[in-house]
Amino acid sequence: MPTGPSQATYTRYRGREVYWGSLGFGPRFSTIFNIPRRKFAMGGGAVIRMHPISYPSRPASYMPLELELEIGYDRYFGEDHYELSYGGSGLLMFASGKWQPYMIASAGRSLGVLDVGRDARWYLGGGFGFGYRTRTVFVGAQARGGGYVNAPPTSPVGGAEGFVDVKLTGVFYVL
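Remember, it's a predicted structure, so these values are computed and weren't measured experimentally. (Residues numbered from 1 in each chain as written. Predicted model: local features only at pLDDT ≥ 70, side-chain atom pairs only at ≥ 80, totals over all residues. Heavy atoms only, no water.)

> So what about the packing of aromatic side chains? Which residues, and what values?
Per the counting criterion, the structure on display carries eight aromatic pairs. Seen from their ring centres, Tyr73 and Tyr82 are 5.6 Å apart, and the 35 degrees between their planes marks the pair as tilted. Between the aromatic rings of Tyr148 and Phe163, the centroid separation amounts to 5.4 Å while the plane-to-plane angle is 50 degrees, which identifies the pairing as tilted. Highlighted residues: Tyr148 in strand β9 (residues 137-148) and Phe163 in strand β10 (residues 161-173), separated in sequence by 15 residues. Feature note: the residues Trp99, Phe130 and Tyr132 constitute an aromatic cluster, connected by ring pairs. Just above the ring of Tyr148 sits the side chain of Arg121; from NZ or CZ to the centre is 3.9 Å. (Phe/Tyr/Trp six-rings, centres within 6.5 Å; stacked < 30°, edge-to-face > 60°. Helix = DSSP H or I, 4+ residues; strand = E, 2+ residues; numbered from the N terminus. Lys NZ or Arg CZ within 6 Å of the ring centre and 35° of its normal.)

> Can you explain the pairing of strand β3 (residues 22-34)? Please cite residues and give values.
Judged from the 13 bridges that link them, β3 and strand β4 (residues 39-51) form a sheet pairing that is antiparallel. When the sheet's bridge partners are listed, Gly24 is paired in β4 with Arg49. Relative to β10, β3 runs antiparallel, the two being bridged by nine bridges. Counted as the bridge partner of Ile32 is Asp165 from β10. (Pairing = 2+ DSSP bridges.)

> Outline the nonpolar core, listing residues and values.
The biggest cluster of nonpolar side chains holds eight residues, and these are Val47, Leu91, Met93, Tyr102, Ile104, Phe138, Val171 and Tyr173. Excluding residues that lie within four positions of it along the chain, Phe138 makes contacts with Arg49, Met93, Gln100, Tyr102, Gly131, Tyr132, Arg133, Thr169, Gly170, Val171 and Tyr173. (Core = buried A, V, L, I, M, F, W, Y, C linked by side-chain atoms within 4.5 Å. Buried < 20%, exposed > 50% of the residue type's maximum accessible area, 1.4 Å probe, protein only. Contact = heavy atoms within 4.5 Å.)

> Please provide a residue-by-residue account of the confidence of the model for the chain, values included.
Should the pLDDT be low somewhere, the predicted coordinates at that spot are not to be read in detail. Summarising the model, the chain shows a mean pLDDT of 80, and 73% of its residues fall at 70 or more. Here residues 4-16 is a poorly scored stretch, pLDDT under 50, and it has 21 contacts once near neighbours within four places are set aside; other chains count. (pLDDT = per-residue confidence, 0-100.)

> Explain the pattern of salt bridges to me, and be specific about the residues and the numbers.
Summed over the entire model, instances satisfying the criterion amount to 13 salt bridges. One salt bridge connects Lys39 with Glu79, and the closest N-O pair in it is separated by 3.9 Å. Residue Lys39 is found in strand β4, and its partner Glu79 is found in the loop between β5 (65-76) and β6 (82-93); the two are separated by 40 residues along the sequence. For Glu161, the salt bridge is made with Arg121, and the minimal N-O distance between the two is 3.1 Å. Here the residue Glu161 occupies a position in strand β10, and Arg121 occupies one in strand β8 (residues 117-133), the gap between them amounting to 40 residues. Exposure remark for Glu161: the relative accessible area of 4% places this residue in the buried category. (Salt bridge = Lys/Arg side-chain N within 4 Å of Asp/Glu carboxyl O.)

> An account of a nonpolar patch on the surface is requested, with residue identities and associated values reported.
A grouping of Leu23, Phe25, Ile48, Leu69, Val174 and Leu175 is seen on the molecular surface, where their side chains present a nonpolar patch of about 560 Å² in accessible area. Checked against the element boundaries, Ile48 lands in strand β4. Here Ile48 falls in the partly exposed class, since its relative accessible area comes to 40%. (Patch = residues over 30% accessible without salt bridge, like charges linked within 9 Å, V, L, I, M, F, W, Y side chains within 5 Å. Areas by Shrake-Rupley, 256 points an atom, 1.4 Å probe, with all protein chains shown as cover.)

What follows is the structure, given as structure tokens:
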């Protein structure tokens, strides 16, 4: 008798497979408002998202916890300032089904070039989002606020900077 997929890969729930781990990737588009500088930036990037667990008693589309890695490039309007950022986020989904509200917490590093020179700093943020999920695709919008935890004291606005950003993300699950 041929062996089938291992039990760790999936289980059957009401005739369909429930995956216990999945991996996806896709684009992200963002706009950022830097509060003390009163400047807007727009950009894009890529995300890699994974959901390490699912509940066999829920539909396959419900993954209560997702982890996301992202890299992005954002350019500020009206000045010679751009940022290359990379970081990670944790997403906590509040509902099952196709429409899913969620909460997000993120941390990362921003490498920027400003008129006065190079700028490297860490950021922390949190916010909320709302997404639409099918078995292999997730499309969502999120709003997040946060701040740079070690903005350089040579910054034109001093050492503290806060931001608000809005992102549109699409993820295509391949595994």
